[in-house]
Amino acid sequence: MSRRLTLLSVVICLALVVGGYLSLHGGWMPSFLEPVRSWLAGSEAAPPPAPAPPPPEVGVVVVEPEEVPLPVEYAGRVAAFRHVEVRAQVGGILLERAFEEGATVKQGQVLFRIDPATYQVALDRGQADLLQAQATLRQAEGNYRRIEELSRTQVATARQLDEALAQRDQARAAVQLAQAEIDSARLNLGYTTVTAPLAGVTALESPPEGTLVQAQQTLLTTINQLDPAYVSFSFTDEEGQAFRELNERRAEPISEKDLTVELHYGNGTVYPAPGRIDTAAQRVDQQTGTIEARAIFPNPDGALLPGQFVRVVIRGVTLPDGIVVPNRAVSQGPQGPSIFVIDGNGTAQARPIRLGQEVADGWIVQEGLEGGEQVVVDGVIRVRPGAPVRPVPAAPAQENTQANAGPLAAPAMGGAGP
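What counts, and where the lines are drawn
- Residues numbered from 1 in each chain as written.
- Predicted model: local features only at pLDDT ≥ 70, side-chain atom pairs only at ≥ 80, totals over all residues.
- Heavy atoms only, no water.
- Helix = DSSP H or I, 4+ residues; strand = E, 2+ residues; numbered from the N terminus.
- Buried < 20%, exposed > 50% of the residue type's maximum accessible area, 1.4 Å probe, protein only.
- Areas by Shrake-Rupley, 256 points an atom, 1.4 Å probe, with all protein chains shown as cover.
- Expected span 1.5 Å × (residues − 1).
- Contact = heavy atoms within 4.5 Å.
- Arc of directions from axis to C-beta.
- Pairing = 2+ DSSP bridges.
- Patch = residues over 30% accessible without salt bridge, like charges linked within 9 Å, V, L, I, M, F, W, Y side chains within 5 Å.
- Salt bridge = Lys/Arg side-chain N within 4 Å of Asp/Glu carboxyl O.
- Phe/Tyr/Trp six-rings, centres within 6.5 Å; stacked < 30°, edge-to-face > 60°.

(A) Broad picture of the overall build of the protein chain. Helix and strand content of the protein chain: five helices and 23 strands. Here the protein chain holds 418 residues, and the buried ones make up 34% of them. When the accessible surface of the protein chain is summed, it comes to about 24900 Å², and 54% of that surface belongs to carbon and sulfur atoms.

Here it is as structure tokens:
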């Protein structure tokens, strides 16, 4: 340590001597001090410049037009396949409810029994009236035959023959009327036993026994047929128009048989059985500007309940020539989304783009990108506009998240566009 300090002191002294001598003699220096001057001048020279850093390495993908699936998602509500109100067709006192409220019933199962006494009496009266009418008819027919025979021998007049014929015809009409009264009474008597018009789940409330039931007015119960189940949803007229335009660009238009429907519960769980498009309204709702559509799902276990809110995801719609860039390649700025594209000189150029729907592999680019271009995917943060880069193939994504289905298109249903 002491030797280093001594050497440093000698150098400083020499520097002072040289500096003083130069100042006294106008810069002239004797030859024996020239090495010292050269050494001092060399020590004051700037170090050589550091080499420029290499261009940053970035991962790129080459985008090409391809067939891109376009799933679309809508809010939906479950509805019963059939909803029937069970009402009494005859009035009377309700004697019995033959099922448990809220239970599942079979078609033809007895639900209610109304007091049949009044209708049994009406049936008995009608049968008696029929017997009386039949007896009158037999008498009128016998009388007509006798008058007809006497008319041939010119014993009975034509007037008598006409009266006998009229009496016979009236007696026949009376028999038919009595028979109709019997049929009506028997029908009303049958209505006192109320059966299920279809299989399904009954309502939780129904009139108790002893209630006075009024024909066509008293609601006894309701039955919902749950298998299959309808799911109603709506799409806008603009979405329908977008689908029609998309279909016109395809060599083979998409039809209803090409579409499948998924049902998602509120917690994200997927219903195990796929559905299909059933129909769509042929009109636009004036208040909402939407078109109502309906899908149908098998529901053997009754898991789908009427009034339940679900999400409907329709698959099968595709974009024939879409360009997709990964999500991590897109940067958002004040002017909107942009990407970095590698030009022919190996430099990165910022490119504004217009995005469409988000899909499983990224974003659909509607404007600003052509097929065959290299897009920076990895290392975007190290890129500067106009700066050279060293492109390498991008690493595959760690995880492809499910795309947020957007309203770019809608399914074709019933000719209502979509």
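(B) Representation of helix α4 (residues 158-191) within the structure. Between the first and last C-alpha of α4 there are 50 Å, a value that for 34 residues agrees with the 50 Å anticipated at 1.5 Å per step. For α4, every residue scored as buried is listed here: Ala164, Arg168, Ala171, Val175, Ala178, Ile182, Ala185 and Leu189. Considering only its buried residues, α4 is in contact with α3 (117-152) and β7 (193-195).

(C) Region of interest: helix α5 (residues 237-248). Helix length check: α5 (12 residues) gives 17 Å between terminal C-alpha atoms against 16 Å at 1.5 Å per residue, within 8%. Along α5, the residues classified as buried are Glu239, Gly240, Phe243, Leu246 and Asn247. Taken down its axis, α5 places every buried residue within 125 degrees of arc, on the same side. Exposed residues pointing more than 90 degrees away from the buried face of α5 are listed as Glu238 and Glu248. Buried-residue contacts for α5 involve β3 (72-87), β10 (219-236) and β15 (318-322).

(D) Region of interest: the pairing of strand β22 (residues 374-378). Alignment of strand β1 (residues 57-62) against β22, held across four bridges, turns out to be antiparallel. Looking at β22, one finds that valine 60 is bridged to valine 376. Examined bridge by bridge, strand β18 (residues 336-342) and β22 share two bridges and lie antiparallel to one another. By the bridge assignment for β22, valine 341 is matched with valine 375.

(E) Quick look at a nonpolar patch on the surface. A surface patch of nonpolar side chains, about 270 Å² in accessible area, is lined by Ile93, Leu95 and Leu212. Following the sequence through the fold, isoleucine 93 ends up in strand β4 (residues 92-97).

(F) Region of the structure containing the environment of alanine 178. For alanine 178, the position within the fold is in helix α4. For the pair alanine 178 and glutamine 127, spaced 51 residues apart in sequence, the C-alpha separation works out to 7.4 Å. In this view, alanine 178 contacts Gly126, Asp129, Leu130 and Ala133; residues no more than four positions away in its chain are not counted.

(G) Looking closely at the packing of aromatic side chains. The final tally for this structure, using the stated rule, is five aromatic pairs. On the basis of an interplanar angle of 80 degrees and a centroid distance of 6.3 Å, the ring pair of tyrosine 265 and tyrosine 271 is categorised as edge-to-face. Accessibility expressed as a relative area gives 8% for tyrosine 271, which makes it buried. By way of ring pairs, the aromatic residues Tyr265, Tyr271 and Phe297 are connected into one cluster.

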